[in-house]
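Take a look at the letters that make up each chain.
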Amino acid sequence: MRFNEAAANEALEAQAEQDRIDARQLAAAEANEAQRELKRDLNRIFWHRVMSFVSVVTVLAVAYRLIVMFWS
């Protein structure tokens, strides 16, 4: 009977250790996903600002060209 209790305690301890390892791995995976999402968001914001700048410069260049063409 003693052996079975010891084996059961070892199994419970092993399961508890595996649960802790799994929890750490899950936390690390969630942190990595959050980091990737942050990078995607920053990349999206950067390219949105670049495209807005390019659009404004393009509109100003076309307006300037039209003004020069019609007033010349």
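Treat the numbers as computed from the prediction; the structure is a model and nothing was measured. (Residues numbered from 1 in each chain as written. Predicted model: local features only at pLDDT ≥ 70, side-chain atom pairs only at ≥ 80, totals over all residues. Heavy atoms only, no water.)

1. Some words on the overall build of the protein
Here comes step 1: Of the regular secondary structure elements, the protein holds one helix and zero strands.
Here comes step 2: A globule of 72 residues ought to have a C-alpha radius of gyration of about 11 Å, yet the protein, at 31 Å, is considerably larger.
Here comes step 3: Its C-alpha atoms give the protein principal-axis dimensions of about 105 × 10 × 5 Å.
Here comes step 4: The 72 residues of the protein split such that 0% are buried. (Helix = DSSP H or I, 4+ residues; strand = E, 2+ residues; numbered from the N terminus. Rg over C-alpha atoms; globule rule 2.2 N^0.38 Å. Buried < 20%, exposed > 50% of the residue type's maximum accessible area, 1.4 Å probe, protein only.)

2. Remarks on the packing of aromatic side chains
Here comes step 1: If you walk through the whole model with that rule in mind, you get one aromatic pair.
Here comes step 2: On the basis of an interplanar angle of 75° and a centroid distance of 5.0 Å, the ring pair of Phe 46 and Trp 47 is categorised as edge-to-face. (Phe/Tyr/Trp six-rings, centres within 6.5 Å; stacked < 30°, edge-to-face > 60°.)

3. Description of the pattern of salt bridges
Here comes step 1: Applying the stated rule across the entire model yields five salt bridges.
Here comes step 2: Residue Glu 33 is joined to Arg 36 by a salt bridge in which the shortest nitrogen-to-oxygen separation is 2.9 Å. Note that Glu 33 and Arg 36 are positioned in helix H1 (residues 2–71) at a spacing of three residues, about one turn of the helix.
Here comes step 3: By relative accessible area, which is 32% here, Glu 33 ends up partly exposed.
Here comes step 4: Here Arg 40 makes a salt bridge to Glu 33, at a shortest N to O gap of 3.2 Å.
Here comes step 5: Ionic contacts of the salt-bridge type, sharing partners, join the residues Glu 17, Arg 20 and Arg 24 into one network. (Salt bridge = Lys/Arg side-chain N within 4 Å of Asp/Glu carboxyl O.)

By themselves, these figures tell us nothing about what the structure is for.
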